[in-house]
Amino acid sequence: MAFLRRAAHTSARSRPADPRPAIARFWSWWSEHRDQVLAAANDDRRDELAELLAPAVAAIDPALEWELTAGPPARLTLSAGGDIERRAVTERWFSSAPDDPDVEFAPARQAVADGGSPGTVQVDDFDIDLSELVAGTGVDPRRGALDVVVHHPLFPLLDEDARGKVAALGLAAVLGEDDVQRWVGTVTVSADQPVDAIAMSMLPVVVDQLRPADPWVSLQGAGRKGPVVAVARRPLLRIDRPLADTHLGIVLGYRGAANGLPRDETVTTDARELEERIIEALGGDGPHAVHVGEVTGGRHIVAHFYVDGLEVDVTAADPIVRTWSHGPAVARHTYDPDWEQVAALRS
């Protein structure tokens, strides 16, 4: 029987304050003011709408942005503006939203429907038609990301910050904020139209070519103790599981061949079974827990999981890890909001 050592919880960054009480207070406020808010939206009383809704959203987090479009159905969107920690807050807000046939709730800006207009925004007293945005594109195959150069005919009249704001709003309108995080790498704004630029509305077609047919990819490399093989999810980004901020690493030892890899398939088979049992103990694959990959080599298998540190007890995996019979087993967990523990598996 293997032994289990659980490393102490360590983190270079401290966890933010628990947003759940503030979110609960928001929904309590919403139940009392819903009709008044929707009436202001439907009548286009923008100042009244802002006076009602802005303080309630700011009480969750002052940095969150909000949008409420008139119905039916109305849509209330909270945006984290690309901040992954605040994106987790909007996801918790969304997951606790009440059922309402008249209102849709969204935890990030959504792409406009096919054939819809991305709209117009006012920046520096200019009305910017987002449908006039164009983009030069280049694919970074190593990262599986799309680098874009964004241009609008009015960019020569805007400063760099204003251009960046327009580019961000345009990308969110055509892709949705979450797909911008998943698939867009660098964003550059240009006063000159890029060569071979395409309408920004065509970016979803380009992005669709980046989506993997298989969510898992196999990797091979060389470590200090011999060859290494790995499997990892694609894309390996927290945006797919914004609540999963805590890394759980399970290190499983085994007696290997001379090159450090398992001598027979039973080690690999038993590891897969153990990983499945662990994810079940953590509540099942879903918004609060996910298995993202594993690395085998040097007589060790390192299985990587991420969990919602506010909702999931990582020690639920301990009894399962203790059943490992091929060698020592070590469980480590740490707050890792940027998923740095699996950075090597992204390349």
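Just so it is clear, the model here is predicted, and its values are computed rather than measured. Residue positions are counted from 1 within each chain, in the order its sequence is given. With the structure being a predicted model, the display of local features is reserved for residues of pLDDT at least 70 and the display and counting of side-chain atom pairs for 80 or more, all residues being used for whole-chain, interface and lining totals. Note that water and hydrogens are dropped before the side-chain values are worked out from all heavy atoms of the structure.

Trainee: For this particular structure, what's the right way to read the packing of helix H1 (residues 20-42) against helix H2 (residues 46-58)?
Mentor: Relative placement of two packed helices is described by the angle separating their axes and the distance separating the axes. Between the N-to-C directions of two axes lies an angle of 0 to 180 degrees, each axis being a line fitted to C-alpha atoms and, for a helix, fitted only over the stretch in contact. Helix and strand assignments follow DSSP, with helices taken as H or I runs no shorter than four residues and strands as E runs no shorter than two, numbered in order from the N terminus. At a closest axis distance of 9 Å, the pairing of H1 and H2 adopts a crossing angle of 160 degrees. Looking at the two axes, H1 sits roughly antiparallel to H2. Note that H1 runs across H2; the crossing there is left-handed. Each of Phe26, Trp29, Gln36, Val37, Ala40 and Ala41 in H1 lies in contact with H2, whose residues at this interface are Glu48, Leu49, Leu52, Leu53, Ala56 and Val57. A per-class count over the contact of H1 with H2 returns 10 nonpolar, one polar and one charged. For classification purposes, angles smaller than 35 degrees are called roughly parallel, those larger than 145 roughly antiparallel, those between 65 and 115 roughly perpendicular, and all remaining angles oblique. The hand of a helix crossing depends on one turn: near helix anticlockwise from the far one by less than a right angle means left-handed, and clockwise means right-handed. By the convention used here, residues are in contact when the closest approach between their heavy atoms is within 4.5 Å. For this scheme, ten residues count as nonpolar: Ala, Val, Leu, Ile, Met, Phe, Trp, Tyr, Cys and Pro. Four count as charged, namely Asp, Glu, Lys and Arg, and the remainder, Gly too, count as polar.

Trainee: Help me understand the sheet that holds strand E8 (residues 145-151) in this model?
Mentor: The strands making up a sheet are joined through hydrogen bonds of the backbone, oriented either antiparallel or parallel. Sheet architecture is open: four strands sit in the order E9-E8-E7-E10, paired in mixed fashion. Because the sheet does not close on itself, it has two edges, and the strands there are strand E9 (184-189) and strand E10 (198-199). Pairing geometry for strand E7 (residues 134-140) and E8, over seven bridges, is antiparallel. The residue of E8 that forms the bridge with alanine 135 is valine 150. The strands touched by helix H4 (residues 160-175) are E8 and E9; relative to E9, the strand with the most contacts, the crossing angle is about 140 degrees. Only strands that DSSP links by at least two bridges are regarded as paired with each other.

Trainee: How should I be thinking about the packing of aromatic side chains in this particular structure?
Mentor: For any pair of aromatic rings, the description consists of the separation of the ring centres together with the inter-plane angle of the planes. Only Phe, Tyr and Trp rings take part, Trp by its six-membered ring, and two of them pair if their centres are within 6.5 Å. Stacked means planes under 30 degrees apart, edge-to-face means over 60, and tilted covers everything else. Scanning the model with the defined rule gives 10 aromatic pairs in all. Here tryptophan 30 and phenylalanine 105 contribute two aromatic rings whose centre-to-centre distance is 5.8 Å and whose plane-to-plane angle is 75 degrees, an arrangement assigned as edge-to-face. With tryptophan 30 in helix H1 and phenylalanine 105 in strand E4 (residues 103-106), this pair connects stretches of sequence that are 75 residues apart.

Trainee: I would appreciate a short explanation of the packing of H1 against helix H3 (residues 84-95) in the present structure.
Mentor: Viewed as axis vectors pointing N to C, H1 and H3 meet at an angle of 45 degrees, and their least axial separation amounts to 10 Å. Classed by the angle they form, the pair H1 and H3 counts as oblique. Crossing hand, H1 versus H3: right-handed. Together, Arg20, Ile23, Phe26 and Trp27 of H1 and Val89, Arg92 and Trp93 of H3 make up the contact between the two elements. Of the residues contributing to the contact of H1 with H3, the split by class is five nonpolar, no polar and two charged.

Trainee: What is the right way to look at the pattern of salt bridges in this model?
Mentor: Salt bridge criterion: a side-chain nitrogen from Lys or Arg within 4 Å of a carboxyl oxygen from Asp or Glu. On inspection of all chains with the given rule, the structure shows 29 salt bridges. We note a salt bridge from aspartate 35 to arginine 34, for which the minimum N-O separation is 2.5 Å. Aspartate 35 sits in the exposed class, given a relative accessible area of 54%. Exposed residues in this analysis have more than 50% of their type's maximum accessible area, buried residues have under 20%, and partly exposed residues fall in between, with area computed by a 1.4 Å probe over protein chains only. Under the relative-accessibility criterion, arginine 34 is labelled buried at 19%. Where arginine 238 meets glutamate 85, a salt bridge forms, and the shortest distance between an N and an O atom there is 2.6 Å. Of the two residues, arginine 238 sits in the loop between strand E12 (226-233) and strand E13 (246-253) while glutamate 85 sits in helix H3, which places them 153 residues apart along the sequence. Here arginine 238 matches glutamate 85 in class, with each residue buried. Each member of the salt-bridge network shares a partner with another, and the members are Asp179, Arg182, Asp208, Arg211 and Asp240.

Trainee: Sorry if this is basic, but what is going on with the sheet that holds E4 here?
Mentor: The mixed open sheet is built from three strands, whose spatial order is E2-E3-E4. Of all the strands in the sheet, the pair left with one neighbour each is strand E2 (65-69) and E4. Each adjacent strand pair in this sheet contributes to an overall mean axis angle of 10 degrees, direction not counted. Inspection of the sheet shows strand E3 (residues 74-79) paired to E4 by four bridges, in the parallel sense. Paired with leucine 76 across the bridge in E4 is phenylalanine 105. Of the strands in this sheet, E2, E3 and E4 are in contact with H1, which crosses E4 at around 120 degrees.

Trainee: Before we go on, may I ask you to explain the confidence of the model for the chain in this structure?
Mentor: Residues shown with low pLDDT carry predicted positions that ought not to be read at fine detail. Taken over all residues, the pLDDT of the chain has a mean of 93, while the share at 70 or more is 96%. The low-confidence segment residues 1-11, where pLDDT is below 50, has 37 contacts with residues more than four positions distant or belonging to other chains. Scored between 0 and 100, pLDDT is the confidence that the predictor attaches to each residue.

Trainee: Looking at this structure, how should I read a positive patch on the surface?
Mentor: Nonpolar side chains (Val, Leu, Ile, Met, Phe, Trp, Tyr) within 5 Å and like charges within 9 Å form the patches, drawn only from residues with over 30% relative accessible area and no salt bridge. All accessibility values rest on the Shrake-Rupley procedure with a 1.4 Å probe; residue burial counts only the protein chains present in the view. Counted charges follow a simple rule, with Lys and Arg positive, Asp and Glu negative, and His plus the chain ends left uncounted. For this purpose, a charge sits on NZ of Lys, CZ of Arg, CG of Asp or CD of Glu. Residues Arg224, Lys225, Arg255, Arg263 and Arg299 make up a contiguous surface patch of positive charge. Within the secondary structure, arginine 224 sits in the loop between strand E11 (216-223) and E12.

Trainee: Before we go on, may I ask you to explain the environment of serine 79 in this structure?
Mentor: Position of serine 79 among the secondary structure elements: in strand E3. Along the backbone, serine 79 and glutamate 67 are 12 residues apart, and their C-alpha atoms lie at a distance of 8.3 Å. Among all residues touching serine 79, those that are not within four sequence positions of it are Leu64, Glu65, Thr90, Arg109 and Glu177. For the purposes of these results, a polar contact is taken to be a pair of N or O atoms within 3.5 Å, where, inside protein, one atom must be able to donate a hydrogen and its partner to accept one; residues adjacent in sequence count only when each atom of the pair is a side-chain atom. In this structure the side chain of serine 79 is engaged in a polar contact, spanning 3.1 Å, whose partner is the side chain of arginine 109.

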